[in-house]
Amino acid sequence: MTNLLVMKEYIKSFYAKYEEFIVPVLKFGLALILFITINSRLGYMEAINNPALVLVAALLCSFLPLGVMLFLCGAFLLAHVVALSLECTAVLLLAYLFILVFYLRFSGKNHLVLLVTPLLFVWKIPYLMPLAAGLFGTPAAAVPVVCGVVLYYVLSYVTGNAAALGAAEADSMLQRFRDVTSGVMQNREMVIVAAAFAITVLLVYGIRRMSIDYSRALAILVGALADIVILLVGDLIYDANFSIGGVIFGSIIGAALTLLMQFFHFNLDYARTEKVQFEDDEYYYYVKAVPKMAVAAPEKRVKRITTQRANQGVRRSHVRGKSGK
Amino acid sequence: MIDQEKVLRMTKMASYEEHGGKKDMAVAGYFRNDYIGMQMILSFVVVTLAFLAAFGAWLCFNFVEVMENIYSMDLVATGQKILLLYLIVLAGYMAVTWVIYLIRYAQTRKRLSLFLEYLNDLDEKEEEEGL
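Residues numbered from 1 in each chain as written. Chains lettered and ligands numbered in written order. Predicted model: local features only at pLDDT ≥ 70, side-chain atom pairs only at ≥ 80, totals over all residues.

1. A short note on the overall build of chain A
Helices and strands together make up the secondary structure of chain A, namely 13 helices and two strands. Within chain A, the fraction of its 325 residues that count as buried is 30%. Contacts spanning at least 24 positions in sequence make up 75% of the contacts within chain A whose residues lie at least 6 apart. (Helix = DSSP H or I, 4+ residues; strand = E, 2+ residues; numbered from the N terminus. Buried ≥ 20, exposed ≤ 12 C-beta atoms within 10 Å, placed from the backbone. Contact = placed C-beta atoms within 7 Å.)

In structure tokens, the structure reads:
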């Protein structure tokens, strides 16, 4: 535990020192992972499978706001789906409309949640997202989580039925649109997961705001259990064919990772270094405000149990006591 | 001689200005009702487009049934039902927009009034030093 705390302090000071470089590098890494995942899992348009294009797009994302990353990911997805079939494009556009109406119109602060949720599904640990979003975000984070779930299942349907969709030339366009739409809309798994994740975000947020000891750890525990219960009950009622082992094991990993994230929590502890410029009548000020670091200096306290001087006093009194007798 | 307390306060103010302060100033540039009204117009456009798209998708999905029954169905009653549905969706979305942007405007004014309070303090202090 002590080693972890020391590591946390090192990371804090490292982050404060090199924040200007760390954030773009992290954004570049995330963008690269997202674009590579999109290209490897969809990849229907050859023109944008080019690694040079992916690198340039990731580089752009590294110094531009997260909204640009969201836009470029959306564009990549759309381009691939357009190359596959027009009916899927229409369904994807409807999903984008859903995201616009319920998320982008009201909030622009949780792009990261929306970007990472489908990625976590690909990595088989989606249960991490509602716990993390509830723990570090606001109840509004439930909206991008649900949007991410919807987007993942739409894309999952498209990739799962790509061969059938590409070959079904005999059907009319309307029939194919109908097939794709009903395939996505009647996906009970999507509805159950979206509901479970939304409830989990709200539950985790509610518990971590309570003024009780270990509220955050408790929020993670209760959130993970609630997630498992809702998913399994949903599975029982609607017969959605969840893998019970996958849900339980994934939730345990998700909870463990959230606990780790909680330990290295960046939001409040890790204040940013500020560089500001201003002036008054007499001076120009170029201020670099570095946050104070509570670096735990290794403190060594030597407690002397017996010293000669103390022993002398004891001996003297002992001798006096003897002579007094 | 540099006044350290003044520098500290000015740094905090400049930092606020840098991170969201400019946006807050743009929002506070409107009267409350103008700001909320503008957002509601934007919401009206978005929800109308979304409803049209959803209606179009529903029409494509049920194209065969609609075409088979188009002569037998009561078009006026169907149109009224669709209009009623649109009005309900619109009213709900507008209400959510109104609440969200009302809260957002109040929060913005609160942050900005604190900033202006700091600014006034700074001005007063400079005037005192000038005298």
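There is more to say, and it comes next.
2. So, the overall build of chain B
When its secondary structure is counted, chain B shows four helices and zero strands. In chain B, the order of α-helices and β-strands from amino to carboxyl end is α-α-α-α. With the C-alpha coordinates aligned to their principal axes, the bounding extent of chain B is approximately 90 × 25 × 15 Å. Contacts spanning at least 24 positions in sequence make up 95% of the contacts within chain B whose residues lie at least 6 apart.

3. Notes on helix α12 (residues 244–263) of chain A
Residue and element names in this part refer to chain A. For α12, built from 20 residues, the straight-helix expectation of 28 Å at 1.5 Å per residue is met to within 8% by its first-to-last C-alpha distance of 29 Å. Within α12, the full set of buried residues consists of V247, G250, S251, G254, A255 and T258. Along the axis of α12, the buried residues cluster in a sector spanning 140 degrees; they form a single face. Residues of α12 that are exposed and point over 90 degrees away from its buried face: G245 and L260. Residues of α12 that are buried in the fold lie against α6 (128–136) and α11 (215–238). (Expected span 1.5 Å × (residues − 1). Arc of directions from axis to C-beta.)

4. Points about the packing of α6(A) against α11(A)
Residue and element names in this part refer to chain A. Between α6 and α11, the least distance of the axes is 10 Å, while the angle of their chain directions is 145 degrees. The two elements α6 and α11 cross, and the hand of that crossing is right-handed. Touching P130, L131, G134 and L135 of α6 are R216, A219, I220, G223, A224 and D227, all from α11. Residues of the contact of α6 with α11, tallied by class, amount to six nonpolar, two polar and two charged. (Axes fitted to C-alpha atoms, helices over the stretch in contact; angles between N-to-C directions. Left-handed = near helix turned anticlockwise from the far one by under 90°. Nonpolar A, V, L, I, M, F, W, Y, C, P; charged D, E, K, R; others polar.)

5. A few points about the environment of A132(A)
All names here are of chain A. Along the chain, A132 falls in helix α6. Residue A132 is classed as buried on the basis of its C-beta count, with 24 C-beta atoms lying within 10 Å. For the pair A132 and L221, spaced 89 residues apart in sequence, the C-alpha separation works out to 12 Å.

6. Regarding the packing of helix α1 (residues 2–41) of chain A against helix α2 (residues 51–63) of chain A
Residue and element names in this part refer to chain A. At a minimum axis separation of 8 Å, α1 and α2 run at an interaxial angle of 145 degrees. With respect to the hand of their crossing, α1 and α2 are arranged in right-handed fashion. Facing α1, whose interface residues are P24, K27, F28, A31, L32, F35, I36 and N39, α2 presents V54, A57, A58, L59, C61, S62 and F63. Residue classes in the contact of α1 with α2 are distributed as 12 nonpolar, two polar and one charged.

7. Things to note about the interface of chain A and chain B
Across the boundary between the two partners, chain A contributes 17 residues, which contact 17 residues of chain B. Every element with two or more residues in the side of chain A that touches chain B is listed here: α4 (86–104), α9 (173–185), β1 (274–279) and β2 (284–289) of chain A.

8. Some words on the nonpolar core
All names here are of chain A. V145 and V154 are the most contacted members of the largest nonpolar core, which totals 72 residues. With 14 residues, helix α7 (residues 142–160) is the largest single contributor of residues to this core. In this view, V145 contacts V113, T117, M129, P130, A133, F197, A198 and V201; residues no more than four positions away in its chain are not counted. (Core = buried A, V, L, I, M, F, W, Y, C linked by C-beta atoms within 7 Å.)

9. Topic: the confidence of the model for chain A
Should the pLDDT be low somewhere, the predicted coordinates at that spot are not to be read in detail. Within chain A, residue pLDDT values average 83, and 84% of them lie at 70 or more. The low-confidence segment residues 321–325 of chain A (pLDDT under 50) makes zero contacts with residues lying over four places distant or belonging to another chain. (pLDDT = per-residue confidence, 0-100.)

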